[in-house]
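# Examination of the molecular architecture
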Amino acid sequence: MTPMMRQYRQIKKEHKDAILFFRLGDFYEMFYEDAKVASRILGLALTQRGGAPMAGIPYHAASTYLRKFIKAGYRIAICEQVEDPKLAQGIVKREVTRIITPGTVIDEGVLEERENNFLVALLPPQKAGGEAGKDGVYGLAWADLTTGDFVARDLKGEEILDELTRLAPAECLVPEKALKEERERFLALGREISCPFTAVPDWAFERRGADELLREHFQVASLDGFGCSDLGPALGSAGAIIHYLKETQKTTLSHINRIRPYRSTSYLVLDRSSQRSLELCRTLHSGEREGSLLSILDRTITPMGARTLKGWLLLPLRDASAIEERASAVEEFVKESALRKRVRTLLERVYDIERITSRISSRRAGPRHLLSLAGSLSQLPQIKALLGECNSKLLMRFGEELEVMEDIRSLLERAIHPASPTTLTEGGIICQGYNEELDRLRALKDEGQKWLARFQAQEIKRTHIPSLKVGFNKVFGYYLEVTNAHKDKVPSDYVRKQTLKNAERYITAELKSHESEVLSADDRIKELEYEIFVEVREIVAKSTRRLQETAHIIAQIDLLASLAQVAEENGYTRPIVDDSLKLEITDGRHPVLEKTLLDERFVPNDTGLDGQATHMAIVTGPNMAGKSTYIRQVALIVLMAQMGSFVPAKRAEIGVVDRIFTRLGAADELYRGKSTFLVEMNEAANILNNATSRSLVILDEVGRGTSTFDGLSIAWAVSEYLTRHIRPRTLFATHYHELTELALVLSGVKNFNMAVREWGDEVIFLYKVVEGATDKSYGIQVARLAGIPREVIERAKVILNNLETEAVNSSGLPKFAPEGEKGKPAQLDLFARVPPLLEEMRSIDTDKMTPLEALLKLKELKEKAE
Ligand SMILES: Nc1ncnc2c1ncn2[C@@H]1O[C@H](COP(=O)(O)OP(=O)(O)OP(=O)(O)O)[C@@H](O)[C@H]1O
Ligand SMILES: [Mg+2]
């Protein structure tokens, strides 16, 4: 075996779990199994080297290949030559300089520009004392190596999936032991969120070590300064993240310079089902971004703005004044459209400062990155000046806080040549005039040829040999050549080096002393340029924190201007957001559907829940009448309002919502192997257990997944429970017309239906929500359209008529859900904290009362009602 292959095996032994990219000259080579995998995944031809299967890729094109490997779930260990092959004695020293995993890629060709790339660490509850417990606390931490974001939170088991869905991590770290013991569970979880799990040694998650590692990393005596003192297991997860990043990156992580504890009380919580079924970032059916709310709202110009917008969309705020602050900024950009246009034009020349900063800080930025940074920074003074003219609180603050980083920009403009190549070692990076020594060397190189010509002329004159000429060969460098005819004229200071057939070659001290400079100038230029570049990069790296702050402000300006742009183009209005329990919308529209309806006009609709007298709307109507669209649009309007955006409505007044719960179509859950009904019931249970009076509950066809009677009973009981015990604002779309009778027995429930017009035997959808219950489902009309024989249709009409009249009892109450009668499950009484007055009134027997008793009873009822 050759020494090189021995070296390869040595290194590969340390990186069995990764594909080893072994640098050989201008190629990364892969051998043995790695080569076979490469040929399969990249479609490369397999070659041989000393009997070993081999596949190679040119190093400068590595990122396209990397992308394929990472997408296929592989880890790559990059093994570089760490000494100059020219200076190496024996075999060139090689080391793994970086391990690239899905959660730690920083390469532009691999990353999605407009998405974060989160590395997550998840620590399940400790099993100490056999207390595995469903209620145990999990530790979660996440970081984006490309931006420096680093956050930790403790959370309950049932919140994990919601949170992981929001983060859409690229890779998830878990303790080795847990992964081994609960492999199936993690695999299933990994499939749900389509993310690979990576085992990390258990000790990396340990609290004590994590605390120490984090303090050392941040160079602080305690983590209290970050507000992390009350973190539970999440601290261990944060430690595991830093441990893993250090392990794989093998470089400074100075851009990860703070950790943020996540405060769930600041945000509107969206569970997994809401994130998906409201189609916030991708559609349910195709899974594409196109057609999602994000695709409508994202008109940002910079990638930083796009990433931040997505963050805001998935984490709307809960604090009315913070929401108002954002909305005021959007309003200013809406009203001042000239200002907005100018800001947006300037932003077009701003690159991804956030990611460039991370590269600089981890010493992986090249000349082009620094140039992009300089170009971006040069836009800032104008942006700052424009913000200086603003009146909204947020924009004014950004105007004050935005640092234009003049020092960095001028350094970069003086130092880095605008036509720099992408490589670091070929020179051409540093500007003329930045460094004296470099200028001297360059002049020397340029002068080299000219000097030789002058030298030749000078020597011809001195020796009177007209045919004397300067030449060069590899063996002894520059020489003077004299033909034999003039041999006798050669001066005594010429030293003979070589005799040819009809000429002799000489050198002189002068020629040699210049030679060494001329010859090595080029190499020295390249070396020096590299050194200067690194020096400049170091200076910029010292300003990492300032650059991050700047990037953060620019991202928000971009996104606020984008929200304004969308608001203007689509005719949105500014919602009123306060601490009431109102949900009052005039002429609300569905932000996505209104844009995609081609032939028809979207019909706007009102919503009127005051959260007190009316908190639940039951929406009935035939198939295709627009029920689902309507209730979704309400949820989307609330969400948009709370992220700070304008909304598609003529007017909207919204009391802040703490959580949005949805139970919408279950088709997408089928692949999970759970029955539709089970999924429905899980979600219903989640709502009943977690909703508060501030929540918004959107129910679509609850109970559809089972037999009519079961489904109806469950739907009824769920509504009843919500009304009696929680009273969240609720919109319930349903086919079960029987549910409209809830309004008869429960206070706070109101019926609405989707208007249709009958035209002969046909139905025309008006898509207009009107008050009141529908009495018809039009199922029979639809059946007729389908070609059911006339006789059957007629018979069905008769049966329907009977069913409709029989459905209520003599006092107008629904027969199938009698109030206060036998057969009512005892358990419900346990929950009945406040018996509704209605029930009490119904139990009064006026025939057996004296007028005085009646008056007293009335007083008592009145007091209860107040
Ligand atoms: N407000 C509206 N204006 C115009 N068209 C609408 C409106 N609402 C719904 N539509 C159209 O009607 C179609 C059906 O709407 P939707 O799915 O909301 O009906 P649905 O009542 O929930 O039906 P199903 O009972 O079958 O679930 C939509 O795809 C859209 O094309
Ligand atoms: Mg529907």
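Note that the structure is a prediction, hence the values are computed from the model and not measured. (Residues numbered from 1 in each chain as written. Chains lettered and ligands numbered in written order. Predicted model: local features only at pLDDT ≥ 70, side-chain atom pairs only at ≥ 80, totals over all residues. Heavy atoms only, no water.)

### Structural notes on the overall build of the protein
Selection criterion: Strands here mean DSSP runs of E at least two residues long; helices mean DSSP runs of H or I at least four residues long; both are numbered from the N terminus. Every radius of gyration here is taken over C-alpha atoms, with the globule rule written as 2.2 Å times N^0.38, N being the number of residues. Only protein chains enter the calculation, and the probe is 1.4 Å; a residue is then buried if its accessible area is under 20% of its type maximum, exposed if over 50%, and partly exposed in between.
When you go through the protein residue by residue, the secondary structure sums to 31 helices and 27 strands. Taking 2.2 N^0.38 as the reference for a compact globule, 866 residues should give roughly 29 Å; the C-alpha atoms of the protein span a radius of gyration of 37 Å, well beyond that estimate. With the C-alpha coordinates of the protein rotated into their principal frame, the extents come out at 150 × 65 × 65 Å. Among the 866 residues that make up the protein, the fraction classed as buried is 51%.

### Digging into the sheet that holds strand E14 (residues 469–473)
The criterion, for reference: Strands are labelled as partners when DSSP assigns at least two bridges between them. All axes are obtained by fitting lines to C-alpha atoms, using only the stretch in contact for helices, and the reported angles, taken between N-to-C directions, cover 0 to 180 degrees. In this analysis, two residues are considered to be in contact whenever any of their non-hydrogen atoms come within 4.5 Å of each other.
Judged by pairing direction, the sheet is antiparallel, and its four strands sit side by side in the order E14-E15-E17-E16 without closing on themselves. The open sheet has two edge strands, E14 and strand E16 (495–499), and neither has a second partner. The average undirected angle you get between the axes of adjacent strands in this sheet is 40°. Relative to strand E15 (residues 477–483), E14 runs antiparallel, the two sharing five bridges. When the sheet's bridge partners are listed, valine 470 is paired in E15 with leucine 480. The strands that helix H20 (residues 509–541) touches are E14, E15 and strand E17 (503–507); relative to E15, the one it contacts most, it runs at about 135°.

### Structural notes on the sheet that holds strand E20 (residues 605–609)
Here four strands make up an open sheet; going across it, the order is E18-E22-E19-E20 and the pairing mixed. The open sheet has two edge strands with one neighbour each: strand E18 (576–578) and E20. Strand-to-strand twist in this sheet, taken as the mean axis angle between neighbours without regard to direction, amounts to 15°. By the bridge criterion, four bridges tie strand E19 (residues 583–588) to strand E22 (residues 651–655) in an arrangement that is antiparallel.

### Some details on the packing of helix H14 (residues 353–361) against helix H15 (residues 367–377)
The cut-off we apply is this: Angular relationships are summarised with four words: roughly parallel below 35 degrees, roughly antiparallel beyond 145, roughly perpendicular across 65 to 115, and oblique for the angles in between. Whether a crossing is left-handed or right-handed is set by the direction in which the near helix is turned from the far one by less than a right angle, anticlockwise for left-handed and clockwise for right-handed. Under the scheme applied here, ten amino acids are nonpolar (Ala, Val, Leu, Ile, Met, Phe, Trp, Tyr, Cys and Pro), four are charged (Asp, Glu, Lys and Arg), and all others, including Gly, are polar.
Contact geometry for H14 and H15: axes closest at 10 Å, N-to-C directions at 140°. When the axis of H14 is compared with that of H15, the two are oblique. Crossing angle aside, the handedness with which H14 passes H15 is left-handed. Between H14 and H15, the contacting residues are Ile353, Ile356, Arg359 and Ile360 on the first element and His369, Leu370, Ser372, Leu373 and Ser376 on the second. Of the residues belonging to the contact of H14 with H15, the class tally is five nonpolar, three polar and one charged.

### What about the site of ligand 1?
Basically, it comes down to this: We define proximity as follows: a residue is near a molecule or strand when any one of its heavy atoms falls within 4 Å of that partner. The definition of a polar contact used here is a pair of N or O atoms within 3.5 Å, where within protein one atom must be able to donate a hydrogen and the other to accept one, and adjacent residues in sequence count solely through side-chain atom pairs. Values of accessible area rely on a 1.4 Å probe in the Shrake-Rupley scheme; residue burial ignores everything except the protein chains shown.
In the neighbourhood of ligand 1, 16 residues make up the surrounding shell, with Val603, Met624, Lys627, Ser628 and Thr629 lying closest. Measuring from an oxygen atom of ligand 1, one finds a side-chain N or O atom of asparagine 623 at 3.2 Å. Here threonine 629 contributes a side-chain N or O atom positioned 2.5 Å from an oxygen atom of ligand 1. Burial of ligand 1 by the protein chains amounts to 82% of its free accessible area of 630 Å². Top element by residues in the shell around ligand 1 is helix H23 (residues 627–643). It accounts for three residues. Classifying every residue of the shell around ligand 1 by side-chain character gives eight nonpolar, five polar and three charged.

### Here we look at the pairing of strand E26 (residues 749–759)
One face of the sheet, then the other: side chains in a regular strand alternate in exactly this way. Note that strand E21 (residues 616–620) and E26 share five bridges and pair parallel. The partner of valine 619 across the bridge, within E26, is phenylalanine 752. Note: E26 against strand E27 (residues 762–771), seven bridges, orientation antiparallel. Across the sheet, the residue bridging to asparagine 753 is valine 770, located in E27.

### A word on the pattern of salt bridges
Our working rule: A pairing counts as a salt bridge when a side-chain nitrogen of Lys or Arg comes within 4 Å of a carboxyl oxygen of Asp or Glu.
Counting across every chain of the model gives 52 salt bridges. Here arginine 114 makes a salt bridge to aspartate 298, at a shortest N to O gap of 3.3 Å. Remark: aspartate 298 occurs in the loop between helix H10 (293–297) and helix H11 (303–314) and arginine 114 occurs in the loop between strand E6 (94–100) and strand E7 (118–123); sequence separation between them is 184 residues. Take arginine 114: its relative accessible area is 24%, and that puts it in the partly exposed class. The class for aspartate 298 is buried, based on a relative accessible area of 10%. Its salt-bridge partner being aspartate 211, residue arginine 215 comes within 3.0 Å of it at the nearest N-O pair. Here aspartate 211 and arginine 215 lie together in helix H7 (residues 207–218), a separation of four residues that amounts to about one turn. Residue classification places arginine 215 among the partly exposed residues on the basis of a relative accessible area of 26%. Salt bridges here are not isolated pairs; linked through shared partners, they connect Arg114, Glu115, Arg289, Asp298 and Lys310.

### Details of the state of the cysteines
The test is simple: Cysteine sulfur atoms are paired as a disulfide whenever they fall within 2.5 Å.
Here the structure, examined in full by the defined rule, presents zero disulfides. With no disulfide partner, cysteine 228 has as its closest neighbouring cysteine sulfur the one in cysteine 172, 19 Å distant.

### Considerations on the packing of helix H17 (residues 393–401) against helix H21 (residues 544–570)
Interhelical geometry of H17 versus H21 gives an angle of 150° and a closest axis separation of 10 Å. Taken as axis vectors, H17 and H21 run roughly antiparallel relative to one another. In this structure, the crossing between H17 and H21 has a hand that is left-handed. Where H17 approaches H21, its residues Leu394, Leu395, Phe398 and Glu401 are matched on the opposing element by Ile553, Gln556, Ile557 and Leu560. Of the residues belonging to the contact of H17 with H21, the class tally is six nonpolar, one polar and one charged.

### Let's talk about the side chain of arginine 589
Tracing the sequence through the fold places arginine 589 in the loop between E19 and helix H22 (593–596). Residues within four places of arginine 589 in sequence aside, it is in contact with Asn570, Gly571, Tyr572, Glu594, Phe602, Pro604, Gln633, Ile637, Pro648 and Ala649.

### Quick look at unusual backbone geometry
Of note, tyrosine 32 is a non-glycine position whose phi angle comes to about 50°, a positive value. In this fold, tyrosine 32 is placed in helix H2 (residues 32–42). With phi around 35°, serine 194 is a residue other than glycine that occupies positive phi space.

### A few points about the side chain of threonine 300
Structurally, threonine 300 can be placed in the loop between H10 and H11. A relative accessible area of 8% means that threonine 300 is categorised as buried. Of the polar contacts made by the side chain of threonine 300, one reaches the backbone nitrogen of alanine 306; its length is 3.4 Å. Every residue in contact with threonine 300, bar those within four places of it in the chain, is listed here: Arg114, Gly305, Ala306, Leu309, Asp558, Leu559 and Ser562.

### Overview of a nonpolar patch on the surface
Heads up, the condition is: Residues form patches when they are more than 30% accessible in relative terms and have no salt bridge. Like charges link within 9 Å. Nonpolar side chains (Val, Leu, Ile, Met, Phe, Trp, Tyr) link within 5 Å.
Where nonpolar side chains cluster on the molecular surface, the patch consists of Leu852, Leu855, Leu856 and Leu858 and spans about 440 Å² of accessible area. One can find leucine 858 in helix H31 (residues 851–865).

### Some thoughts on the packing of aromatic side chains
Basically, it comes down to this: The criterion for an aromatic pair is that two Phe, Tyr or Trp rings (for Trp, the six-membered ring) have centres within 6.5 Å, with stacked assigned to planes under 30 degrees apart, edge-to-face to planes over 60 apart and tilted to the rest.
Applying the stated criterion across every chain yields a total of 17 aromatic pairs. Their ring planes at 65° and their centres at 5.9 Å tell us that tryptophan 142 and tyrosine 262 sit as a pair that is edge-to-face. With tryptophan 142 in strand E8 (residues 137–144) and tyrosine 262 in the loop between strand E12 (260–261) and strand E13 (269–270), this pair connects stretches of sequence that are 120 residues apart. Residue tryptophan 142 is classed as buried on the basis of its relative accessible area, which comes to 4%. Ring-pair connections join several aromatic residues into one group, and the members of that group are Tyr8, Phe22, Phe31 and Tyr32.

### What to know about the environment of alanine 453
Looking at the element boundaries, alanine 453 is found in helix H19 (residues 436–463). By relative accessible area, alanine 453 is classed as partly exposed at 49%.

### Focus: the nonpolar core
Our working rule: Here the nonpolar core consists of buried residues drawn from Ala, Val, Leu, Ile, Met, Phe, Trp, Tyr and Cys, with membership extended through side-chain atoms lying within 4.5 Å.
Counting 133 residues, the largest nonpolar core has Leu280, Leu373 and Ile660 as its most contacted members. If we ignore the near neighbours within four places in the chain, the residues touching leucine 373 are Ile353, Ile356, Ile360, Ile408, Leu412, Val540 and Leu547. Counting 30 residues, the second largest nonpolar core, distinct from the first, contains Leu123, Phe205, Leu223 and Ala234.

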